[in-house]
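Each chain is listed here by its residues.
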Amino acid sequence: MFTRYRALTRRRWVAVVAPVAAAAALSAIPLAASQAATPAMAASAAAPASGSGGLPVMTVSMNGKAISVGGTLKSGAERVVFKVTGEPAGGPGFARLDPGATLSQLFAALPAAAQDPNNLYGIAQIVMSTQANKGTSSVYLNLAPGTYVALDLASTAKTPPLTVFTVWPSHHPAAMPKAGAAISTREFGFTGATKIYDGQTVRWGNAGFLVHMIQGIEAPNLATANKIAADLKAGNDNAAGALAIGEYGWVGALSHGQSFESVVAQKPGYWVIACFMDTQDGREHTTLGMEKVIQILK
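Because the structure is a prediction, the values reported are computed rather than measured.

### Quick word on the overall build of the protein chain
Line of reasoning, step 1. When you go through the protein chain residue by residue, the secondary structure sums to 7 helices and 17 strands.
Line of reasoning, step 2. In the protein chain, once contacts between residues fewer than 6 apart in sequence are set aside, the share between residues at least 24 apart is 73%.
Line of reasoning, step 3. As presented, the protein chain carries roughly 12300 Å² of accessible surface, and 56% of it is formed by carbon and sulfur atoms.

Below, the structure written as structure tokens:
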């Protein structure tokens, strides 16, 4: 059960974008042209869209073949609304260039990052990556000014659809909503809530130095959840997968110090959160302690 998800996160974040021809073509795209393809950017400065709690709204549309970004592209807290058609679920992810880094540097770094996404450090930060099921869903993200690359990592295309957009400084940036709970990654484990609620806003973060993910694995009961966690710790992914009854990718990948929020909409019950990233010597982070049983309550 976990094979497809890992392919769309740990490896797919950069691996299928790594071919030299694709990188060369992408690095040749003028930034101004990529911005021109982003709808409603000019209009948003004059009349920002408003969402839940009065937050400005950014829209990300995905159909498995293309991804587009529109709405308000200003710094500060925004509600990022995903609109997914043409695929069962999208895998939206944002990478923000570090100050002084260029798109050409990012694309040149992709072959090394394909081997280990931590090789993006010093060039770009993965600031958001999640699962977005078909239809409309959203997260809350505190956007810093800068240049971003948005990708749909769930696409079956050889090269994931991507687009480049710019977030402009805001004179009055909005504040993030207050989260009801927080769950964070570190080396090598999870901190924060063990019980979260259906409909609750949860802040997902990475307090570790390494890139981590937060994959949710649904279990039919507490005993099975504990068995799944034990199997993952022992490296028995196939046995753990056979016991699972569902999964959801709350965080596909997140760089050091990054976080975002989402409203829990998964089935109440027992879940195991896990990170399937690899160490440099090939050990899955689950085998080092990155698995934890949590409960979703009504």
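### Notes on unusual backbone geometry
Line of reasoning, step 1. Here the bond from Glu187 into Phe188 is cis, since omega is -15 degrees, no more than 30 degrees from zero.
Line of reasoning, step 2. Within the secondary structure, Phe188 sits in the loop between strand S9 (181–186) and strand S10 (189–192).

### Some points on the sheet that holds strand S5 (residues 124–129)
Line of reasoning, step 1. In spatial order, the strands read S5-S4-S7-S8; together these 4 strands make up an open sheet with antiparallel pairing. This sheet does not close on itself; its edge strands, each paired only once, are S5 and strand S8 (162–167). The mean inter-strand angle of the sheet, taken between neighbouring strand axes irrespective of direction, is 25 degrees.
Line of reasoning, step 2. Where strand S4 (residues 92–97) meets S5, 5 bridges bridge the pair, whose relative direction is antiparallel. Within the sheet, the bridge partner assigned to Arg96 lies in S5 and is Gln125.

### Section: the pattern of salt bridges
Line of reasoning, step 1. Going through the model one piece at a time under the given rule, you end up with 3 salt bridges.
Line of reasoning, step 2. Across the salt bridge formed by Lys267 and Glu218, the nearest N and O atoms sit 3.9 Å from each other. Taken as a pair, Lys267 in the loop between strand S15 (259–263) and strand S16 (269–274) and Glu218 in strand S13 (residues 212–219) lie far apart in primary sequence, 49 residues in all.
Line of reasoning, step 3. The exposure class assigned to Glu218 is buried, which follows from its relative accessible area of 10%.

### Details of the sheet that holds S13
One key point about sheets: their strands pair by backbone hydrogen bonds, in either a parallel or an antiparallel sense.
Line of reasoning, step 1. The 5 strands lie next to each other as S11-S17-S16-S13-S14, forming an open sheet whose pairing is mixed. The sheet is open, and its two edges are formed by strand S11 (195–197) and strand S14 (246–254), each paired on a single side. Strand-to-strand twist of the sheet, defined as the mean angle between neighbouring strand axes without regard to direction, takes the value 25 degrees.
Line of reasoning, step 2. Taken together, the 6 bridges between S16 and strand S17 (residues 291–297) define a ladder with antiparallel strand orientation.

### Considerations on the confidence of the model for the protein chain
Line of reasoning, step 1. Within the protein chain, residue pLDDT values average 85, and 82% of them lie at 70 or more.
Line of reasoning, step 2. pLDDT under 50 marks residues 3–51. Its contacts with residues more than four places away, or in other chains, come to 97 contacts.

### Thoughts on the pairing of S16
Line of reasoning, step 1. Bridging between S13 and S16 involves 5 bridges; their strand directions are antiparallel. Each residue of the ladder has a partner; that of Ala219, found in S16, is Tyr270.

Cut-off values and rules
- Residues numbered from 1 in each chain as written.
- Predicted model: local features only at pLDDT ≥ 70, side-chain atom pairs only at ≥ 80, totals over all residues.
- Heavy atoms only, no water.
- Helix = DSSP H or I, 4+ residues; strand = E, 2+ residues; numbered from the N terminus.
- Contact = heavy atoms within 4.5 Å.
- Areas by Shrake-Rupley, 256 points an atom, 1.4 Å probe, with all protein chains shown as cover.
- Pairing = 2+ DSSP bridges.
- Axes fitted to C-alpha atoms, helices over the stretch in contact; angles between N-to-C directions.
- Salt bridge = Lys/Arg side-chain N within 4 Å of Asp/Glu carboxyl O.
- Buried < 20%, exposed > 50% of the residue type's maximum accessible area, 1.4 Å probe, protein only.
- pLDDT = per-residue confidence, 0-100.

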